[in-house]
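A closer look at the structure
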Protein chains: 2
Amino acid sequence: MRDVYLHALFSPKAIAVVGSLDGAGAPARVILANLEGSGYQGRIVPVNWTGERPADALESLGDIDLAVVCLSPEAVLDALERIADKGIRTVIVTSAGFREIGGKGYYLEEAVIQLAERRNMTLLGPNCLGVASWADRMNASLISRLPAEGNIAFFSPSGSMCNAILDWAASEEIGFSKFASLGNRAVIDEASMLQFLAEDPQTHVVIGYLEGMNNGRRFARISQTITREKPVIMLQAGMTEHGRKAISSHVGALTGSERAYQTALKQAGIIQVDNLSTLFDLARMFGTQPLPKGASLAIVTNSGGAGILAADGMAGTSLNLARLGRETSERLGEILPSHMQASNPVDIGMQALPEQYARAVEQVARDRQVHMVLVVIAPGLGVDMTAIAKALADLPKTLDASMAVCLLGQEGVLEEKRFLQRSGLPCYSNPKAALTSLEAMIRYAQWKTTAYPVEVCYRRDKAKAERFLEEYLEIGKTELFGFEVQPLLQAYELQFPRTELARTSRSAAKIAKRLACPVALKIASPHIEYKSDVGGVELGLQTPEEVRQAFLILTSRVQCLRSEAFISGCLVQEMILGKFTEVCIRARRDPKFGPLVRFGLSGSQAEIFQDYSLRLAPLSLEDAAGMMRELKVFSLLKRERGRDALDLRALEDVLLTVSQMTLDFPEIYALEFDPVLVTARGAWIAGARMSLLPHAEERGRDR
Amino acid sequence: MRDVYLHALFSPKAIAVVGSLDGAGAPARVILANLEGSGYQGRIVPVNWTGERPADALESLGDIDLAVVCLSPEAVLDALERIADKGIRTVIVTSAGFREIGGKGYYLEEAVIQLAERRNMTLLGPNCLGVASWADRMNASLISRLPAEGNIAFFSPSGSMCNAILDWAASEEIGFSKFASLGNRAVIDEASMLQFLAEDPQTHVVIGYLEGMNNGRRFARISQTITREKPVIMLQAGMTEHGRKAISSHVGALTGSERAYQTALKQAGIIQVDNLSTLFDLARMFGTQPLPKGASLAIVTNSGGAGILAADGMAGTSLNLARLGRETSERLGEILPSHMQASNPVDIGMQALPEQYARAVEQVARDRQVHMVLVVIAPGLGVDMTAIAKALADLPKTLDASMAVCLLGQEGVLEEKRFLQRSGLPCYSNPKAALTSLEAMIRYAQWKTTAYPVEVCYRRDKAKAERFLEEYLEIGKTELFGFEVQPLLQAYELQFPRTELARTSRSAAKIAKRLACPVALKIASPHIEYKSDVGGVELGLQTPEEVRQAFLILTSRVQCLRSEAFISGCLVQEMILGKFTEVCIRARRDPKFGPLVRFGLSGSQAEIFQDYSLRLAPLSLEDAAGMMRELKVFSLLKRERGRDALDLRALEDVLLTVSQMTLDFPEIYALEFDPVLVTARGAWIAGARMSLLPHAEERGRDR
């Protein structure tokens with residue numbers, strides 16, 4: 001993206017507003033009024049594009065660096081040509097009637113995109129509401145009521161979401177630095193906007209609304225560095241089954257799976273929220289408070305009940321109730337009524353004076369063992385909210401702890417809420433919202449400390465693997481099962497129980513001798529998915545003779561139960577001795593984001609509880625370790641210590657190898673290692689499946 | 001509870017207000033002012049309890065049926081005696097300084113309770129804010145600003161929660177019928193209040209705040225019938241680990257476990273919420289809308305983005321997006337802009353006129369396949385919220401669907417929200433809150449249709465069971481393991497794999513012969529909890545000779561690994577043949593609620609995912625079936641069909657028997673059947689433990 005032109009979008013020296021100036025509600029007039037009302041210091045040039053020879057109006061334009069076009073869609077192309085002729089490279093097109101209405105609008109937008117490319121123009125919209133920059137005192141948008149100045153930047157493709165969010169921010173005194181309504185994102189998209197805002201000194205927090213994003217991969221890549229400097233909070237729409245249905249009847253649609261998309265954004269450190277209230281709650285907190293230095297929270301309240309509810313709200317978060325230091329307890333003892341205990345939550349009673357609230361909060365916030373303070377105030381007889389808000393706002397700004405205030409009540413405390421917010425204290429209507437926001441701060445603080453991902457180098461015999469895949473693809477076989485995958489595993493130095501196919505009982509006995517008993521015998525048939533359901537598995541066979549007999553029993557038993565199934569014989573498989581845990585590793589190629597790796601325990605419970613972790617390849621070492629830690633069943637993996645501990649390093653290696661393998665070969669569409677037996681020494685791929693992409697010519701290498 | 005006196009609490013003919021009338025802020029004066037301000041039609045008698053002979057003031061009292069006492073705690077007892085002398089049986093004591101301050105206050109409250117009992121008085125408080133009844137136009141409380149009249153009754157022990165909730169309701173136009181501040185609950189408690197409100201014709205919905213309730217069992221029992229008539233929504237505080245810590249530093253504390261308590265309330269059909277916002281959200285919905293006839297939702301919006309977010313919010317609920325009927329789609333086609341599709345969510349665009357909103361909503365609500373309609377409106381240029389709200393309020397009241405409106409935005413739409421709420425349309429700031437409330441309505445509608453529990457009669461040899469328990473208790477053995485529990489299982493006709501203890505390898509072989517092979521052999525030692533971890537289990541032994549050899553191997557192997565363990569021999573156990581699933585059934589006696597039965601799969605994953613269901617005994621048939629259905633892993637229990645299907649009936653029987661057994665014998669403190677093997681024919685108790693209560697004299701039979 002041409003940064004210099006994006007600069008002109010927010011900080012132009014002179015703006016032309018091109019459109020009909022007839023009628024009070026004409027968009028061009030609204031923008032002119034907003035520009036003037038915002039105190040913009042540059043030159044404003046109205047261009048009344050109307051009458052018989054509208055383009056003449058443009059002729060007189062002097063040195064202009066931003067044009068705002070509010071014309072009928074049919075007039076836009078002509079106007080853009082003429083604007084380009086005048087050397088203007090940055091344009092906002094507010095006009096609707098493009099891609100969003102389909103048909104003719106779609107082709108009109110394609111023409112706009114080509115024109116912008118040909119004339120080297122940067123274009124916001126079409127079908128957008130414009131931009132505003134508080135530092136430049138410029139409101140070049142169709143929205144008249146904007147919030148106060150602050151440090152939060154905001155963008156959204158949806159105009160109605162711009163309206164909703166700015167309206168909310170204005171009424172709650174949340175301060176903004178810049179906003180951009182992206183509209184149809186014909187040229188300027190979320191990724192280029194985010195990149196620009198990352199460099200903006202007035203912006204400390206970036207928030208946005210994402211819907212049907214086309215360029216998720218680029219957005220994620222750009223975010224990865226930005227999120228380590230500034231929090232990026234995104235409201236994601238259409239990430240659920242119902243939401244997806246809704247989005248398909250609306251503008252644009254997601255290419256690639258929701259899961260891959262969310263994983264990409266998560267790996268990039270973006271804070272994802274799924275509803276408006278949470279977006280607001282987090283923005284309030286991140287915009288005003290320092291990141292907490294730990295997870296210990298103190299609650300100060302005038303209502304025992306509210307204190308309990310606030311403590312209840314901590315369930316499921318990583319926050320814990322701080323143990324107050326002795327000094328703090330003593331000082332609180334001087335403030336509290338005699339029968340109240342100085343324990344956390346600190347209940348200072350309904351009769352406390354405003355100064356007492358402030359003193360109690362200050363004492364607690366100065367305690368080294370307290371990283372966050374939540375003040376919860378309930379209304380009541382003699383409780384002077386205004387005075388309390390004032391006392392809290394006057395607290396020294398040098399306190400280390402992250403602070404949040406919760407005033408229970410609605411309209412009655414609206415003024416106090418605004419006042420506190422203006423004073424830099426985030427203010428909530430219920431404790432749960434404050435706690436969710438504090439939790440997000442803790443997680444973000446952790447993210448900031450994680451190292452940049454380091455790529456892992458792997459030994460592998462790539463040529464061998466390539467030959468192997470080509471062999472199958474040439475004969476058009478795209479679904480590989482079990483022992484067919486062995487050569488690939490060998491090429492990547494993965495361990496597996498050696499397995500051979502025996503077509504007769506005699507050969508089974510021979511193979512058993514070669515592999516060394518004990519061995520397992522498993523029915524081999526393309527038509528039988530769950531072998532043990534038909535009695536098709538025998539484990540721990542001790543001698544070649546046992547193997548021979550078992551072969552006969554297994555094949556006749558299965559043929560009897562499943563007369564329609566073709567049975568090619570039995571697999572003779574080396575037994576993995578000692579204790580092990582069975583895990584399942586899968587990878588699937590997302591059309592947009594590439595291979596998505598999934599890890600969880602083997603078995604149906606992992607599915608039922610949705611207990612698995614996801615990462616997009618390439619995995620870093622940190623990712624592989626993180627994938628294990630993230631599982632709720634992680635405790636099962638690491639419960640043993642010492643000699644019996646599972647070899648999680650070996651498991652890490654398998655995860656990293658799967659990542660590398662799928663990146664090396666775009667031919668691999670999907671892959672499943674299930675079960676992988678993790679023992680005290682090594683991890684063994686005991687089951688494998690693989691789907692290959694049949695049409696080699698359509699492939700493009702990922703890297 | 002003496003209902004007639006509770007009647008006088010809300011509908012007295014004449015009220016005496018007893019307290020000092022000096023100073024503008026004196027509580028008695030506040031109450032007098034509130035009584036007069038509320039338009040109370042009965043007689044109000046101020047009793048100025050001050051000066052040298054305060055009690056004289058009471059002498060002149062005539063025919064009074066409610067006294068409000070606002071005195072110093074020390075003066076309360078004297079005043080109550082004199083009030084009783086005058087024949088007044090219903091009293092509110094607002095004074096603080098009782099149980100809540102501990103020490104002296106505690107004894108003072110005990111004296112008040114005794115006095116109330118002795119003089120047959122009904123008493124609200126002490127340490128409370130009073131009551132109000134809208135139908136009686138009576139505000140006998142310390143709260144001056146009350147909400148409008150409506151159909152919601154509310155009670156709370158916490159005064160600050162009364163303040164917070166009434167303040168909120170007033171500002172959002174939620175209408176109330178009655179409210180009571182229970183204070184210390186010395187005499188009138190939550191249960192008696194609920195019972196009274198159940199009969200109150202003006203009350204359609206009961207909401208409350210519960211904290212450290214002492215009488216949960218009675219409350220639950222009373223609720224069971226009430227909740228089938230009126231929804232009862234309770235905000236529960238102190239139900240989490242942190243909340244419990246907080247409550248212990250506050251007034252009162254829960255006796256019995258949180259889990260038993262919540263289970264009791266759930267079995268009684270009470271709708272439990274854990275934060276203030278949800279309480280408000282649900283009250284709004286239940287107070288105004290008919291229960292939905294199904295789970296299909298239509299969304300009507302002017303913002304595509306808001307529609308997607310609303311659809312996203314349905315994830316995790318039982319709601320589904322309604323498929324609009326053809327007629328509805330056609331009619332919507334006439335209303336929508338030409339490029340918009342008439343699919344659900346219905347996006348009518350930002351330019352729609354107020355009448356178009358209303359027409360679209362009406363069309364959708366008339367669709368038979370639509371049970372609920374959520375209207376989501378975003379602000380924007382030309383969107384006239386006031387006119388839209390008016391158009392929605394004018395919709396016919398005869399529509400069957402449950403309706404909810406969501407106006408995105410805060411202060412700017414406050415008036416419209418209030419207006420809609422007054423018009424009987426529940427109004428929310430974000431779609432998620434509306435959806436949570438609709439989901440609660442659906443669940444409540446289901447609850448209303450469930451049958452009253454029917455008790456199950458069980459055959460059992462109670463005398464045999466009693467002898468068995470007494471035998472162990474007499475010798476002071478309170479922890480029973482495995483096969484020691486067999487006689488009890490027999491007495492209750494439960495199936496179990498026959499098991500005998502063999503002290504020598506020869507006797508093991510003999511037992512195996514008797515039980516019939518194949519058998520299992522398990523090490524028997526009180527010191528070894530996980531037998532298979534030390535190689536102490538051999539399964540599927542085919543001959544007595546194999547058993548004999550295995551005995552020698554097992555005992556020497558385990559003795560070698562665990563030299564400190566006492567080994568009494570090996571258990572020889574009948575093998576359960578065929579496929580089975582392992583489940584775990586536990587029961588534990590809650591000191592307050594009696595036996596709490598827990599059901600889940602066997603193994604550590606059930607613990608990790610907290611996937612188990614709970615019920616208090618006695619279980620009904622419906623409960624036993626419900627306990628299975630509630631599990632997330634229920635699909636695992638019922639996945640097989642036909643001949644291979646697990647015998648869930650047999651499992652139901654085990655659950656019901658556990659319930660009966662623990663009710664029959666309060667001596668059983670805890671009981672665990674793990675694993676219970678559920679096969680295609682029958683369920684077998686393959687592992688059992690039991691803890692008995694040693695002190696027989698302290699026991700009281702549950703029933």
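Assigned secondary structure in chain A consists of 25 helices and 29 strands. Along the three orthogonal principal directions, the C-alpha set of chain A runs to about 95 × 85 × 40 Å. Across the 703 residues of chain A, 49% fall into the buried class. A fraction of 73% describes how many contacts in chain A between residues 6 or more apart in sequence connect residues 24 or more apart.

Right, let's talk about the environment of serine 158 of chain B for a bit. All names here are of chain B. Inspection of the secondary structure assignment puts serine 158 in the loop between strand S8 (149-156) and helix H6 (159-172). Judged by the 29 C-beta atoms lying within 10 Å of it, serine 158 falls in the buried class. Note: C-alpha distance between serine 158 and leucine 655 (497 residues apart in sequence) is 39 Å.

Right, let's talk about the sheet that holds strand S7 (residues 138-141) of chain B for a bit. The mixed open sheet is built from seven strands, whose spatial order is S7-S6-S9-S8-S10-S11-S12 (chain B). Strands with a single pairing partner mark the edges of an open sheet, and in this sheet they are S7 and strand S12 (271-273) of chain B. Direction aside, the axes of adjacent strands within the sheet are offset by 15° on average. In this structure, strand S6 (residues 130-133) of chain B lies alongside S7 of chain B, joined through four bridges in antiparallel fashion. Paired with alanine 132 of chain B across the bridge in S7 of chain B is asparagine 139 of chain B. Contacting strand S10 (205-211) and strand S11 (232-237) of chain B, helix H12 (residues 304-312) of chain A crosses the sheet at an angle of about 85° to S11 of chain B.

At an RMSD of 0.2 Å, chain A and chain B line up after a rotation of 180° and a shift of 0.0 Å along the axis. Here the transformation between the copies is reduced to the relation of a two-fold axis. In terms of proximity to the rotation axis, the leading residue of chain A is phenylalanine 609 of chain A, whose C-alpha is 3.7 Å off the axis. Most of the interface of chain A is mirrored in chain B, where 100% of its interface residues are also at the interface.

The subject of this paragraph is the interface of chain A and chain B. Taken together, the 71 residues of chain A in the interface contact 72 residues of chain B. Taken together, the elements giving at least two residues each to the side of chain A that touches chain B come down to helix H6 (159-172), strand S10 (205-211), helix H9 (241-248), helix H11 (276-288), H12, helix H22 (604-608) and helix H24 (634-637) of chain A. Sorting elements by how many residues they give to the side of chain A that touches chain B places H6 of chain A first, with nine residues. The class makeup of the residues in the side of chain A that touches chain B is 30 nonpolar, 31 polar and 10 charged.

It is worth spelling out the pairing of strand S21 (residues 519-524) of chain A at this point. Residues and elements named next belong to chain A. Burial runs high along S21: six of the six residues are buried. Here three bridges tie S21 to strand S22 (residues 537-541), and the two strands are oriented antiparallel to one another. Of the residues in S22, the one forming a bridge with lysine 522 is valine 537. Relative to strand S23 (residues 569-574), S21 is paired through six bridges, and the arrangement is antiparallel. Its bridge partner being in S23, valine 519 is matched across the sheet by glutamate 574.

Let's shift gears to the sheet that holds strand S21 (residues 519-524) of chain B. For sheets, the rule is that strands pair by backbone hydrogen bonds, running either parallel or antiparallel. Residue and element names in this part refer to chain B. Overall, antiparallel pairing links the four strands, which are arranged S20-S23-S21-S22 in an open sheet. Edge positions in the sheet fall to strand S20 (499-502) and strand S22 (537-541), since each of these pairs with one other strand and no more. In this sheet, neighbouring strand axes are inclined to one another by 25° on average, regardless of whether the strands run parallel or antiparallel. Pairing between S20 and strand S23 (residues 569-574): four bridges, direction antiparallel. Bridge pairing links threonine 499 to glutamine 573 in S23. Strands S20, S21, S22 and S23 of the sheet are contacted by helix H20 (residues 505-515), whose axis makes an angle of about 10° with S23. Strands S20, S21, S22 and S23 of the sheet are contacted by helix H21 (residues 544-561), whose axis makes an angle of about 25° with S21.

Before going further, it helps to spend a moment on the pairing of strand S8 (residues 149-156) of chain A. Residue and element names in this part refer to chain A. When you tally the buried positions in S8, you get six out of eight residues, the bulk of the element. Bridge count for S8 against strand S9 (residues 176-181) is six bridges, and the pairing is parallel. The partner of phenylalanine 154 across the bridge, within S9, is phenylalanine 179. Assessed by its sense of winding, the connection that carries the chain from S8 through H6 to S9 is right-handed. Note: S8 against S10, four bridges, orientation parallel. Bridge pairing links alanine 153 to valine 206 in S10.

With that settled, consider H11 of chain A. All names here are of chain A. Compared with the 18 Å implied by 1.5 Å per residue over 13 residues, the 19 Å span of H11 between its first and last C-alpha is a close match. With 12 of its 13 residues buried, H11 lies for the most part within the structure. Looking only at H11, the buried set comprises Leu276, Thr278, Leu279, Phe280, Asp281, Leu282, Ala283, Arg284, Met285, Phe286, Gly287 and Thr288.

Now for the nonpolar core. With 411 residues, the main nonpolar core has Val373 of chain A together with Val18 and Val373 of chain B as its most contacted residues. Among all residues touching valine 18 of chain B, those that are not within four sequence positions of it are Ala28, Val47, Trp49, Ala67, Val68, Val69, Cys70, Leu71 and Ala79 of chain B.

Quick look at the environment of arginine 284 of chain B now. Residues and elements named next belong to chain B. Relative to the helices and strands, arginine 284 resides in helix H11 (residues 276-288). Considering only alpha carbons, one finds arginine 284 and glutamate 173, 111 residues apart in sequence, at a separation of 9.4 Å. If sequence neighbours within four positions are ignored, arginine 284 has contacts with Ile174, Gln421, Pro426 and Ser437.

All names here are of chain B. The contact between helix H15 (residues 385-393) and helix H16 (residues 414-422) brings their axes to 9 Å, and the two run at 5°. Put simply, H15 runs roughly parallel to H16. Touching Met385, Thr386, Ala389, Leu392 and Ala393 of H15 are Glu416, Phe419 and Leu420, all from H16. For the contact of H15 with H16, a count of residues per class yields six nonpolar, one polar and one charged.

For the rest of this paragraph, the subject is unusual backbone geometry. Residues and elements named next belong to chain A. Between asparagine 344 and proline 345 the backbone carries a cis peptide bond, its omega angle lying at 0°. In this model, arginine 185 sits at a positive phi of 55°, which is unusual for a non-glycine residue. As for its placement among the helices and strands, arginine 185 is situated in the loop between S9 and helix H7 (190-198). Judged by local crowding, arginine 185 falls into the buried class, with 25 C-beta atoms found within 10 Å.

This part takes up helix H13 (residues 326-335) of chain B. Residues and elements named next belong to chain B. Taken together, the buried positions of H13 are Thr328, Arg331, Leu332 and Ile335. What you see down the axis of H13 is that its buried residues fit within an arc of 105°, all on one side. Exposed side chains of H13 directed beyond 90 degrees from the buried face belong to Arg326, Glu330, Gly333 and Glu334. In this fold, the buried residues of H13 make contact with strand S15 (346-347) and helix H14 (354-366).

Turning to the confidence of the model for chain A, a few remarks are in order. Low pLDDT means the predicted atomic positions in that stretch should not be read closely. Residue and element names in this part refer to chain A. Looking at chain A, pLDDT values average 89 and 95% of them are 70 or higher. Note on residues 696-703: pLDDT under 50 across the span, and 10 contacts to partners over four residues away in sequence or across chains. Quick note on the complex model: pTM equals 0.89, ipTM equals 0.87.

Definitions and cut-offs
- Residues numbered from 1 in each chain as written.
- Chains lettered and ligands numbered in written order.
- Predicted model: local features only at pLDDT ≥ 70, side-chain atom pairs only at ≥ 80, totals over all residues.
- Helix = DSSP H or I, 4+ residues; strand = E, 2+ residues; numbered from the N terminus.
- Buried ≥ 20, exposed ≤ 12 C-beta atoms within 10 Å, placed from the backbone.
- Contact = placed C-beta atoms within 7 Å.
- Pairing = 2+ DSSP bridges.
- Axes fitted to C-alpha atoms, helices over the stretch in contact; angles between N-to-C directions.
- Least-squares fit on C-alpha atoms with pLDDT ≥ 70 in both.
- Nonpolar A, V, L, I, M, F, W, Y, C, P; charged D, E, K, R; others polar.
- Right-handed = clockwise from strand over helix to strand, strands pointing away.
- Expected span 1.5 Å × (residues − 1).
- Core = buried A, V, L, I, M, F, W, Y, C linked by C-beta atoms within 7 Å.
- Parallel < 35°, antiparallel > 145°, perpendicular 65-115°, else oblique.
- Arc of directions from axis to C-beta.
- pLDDT = per-residue confidence, 0-100.

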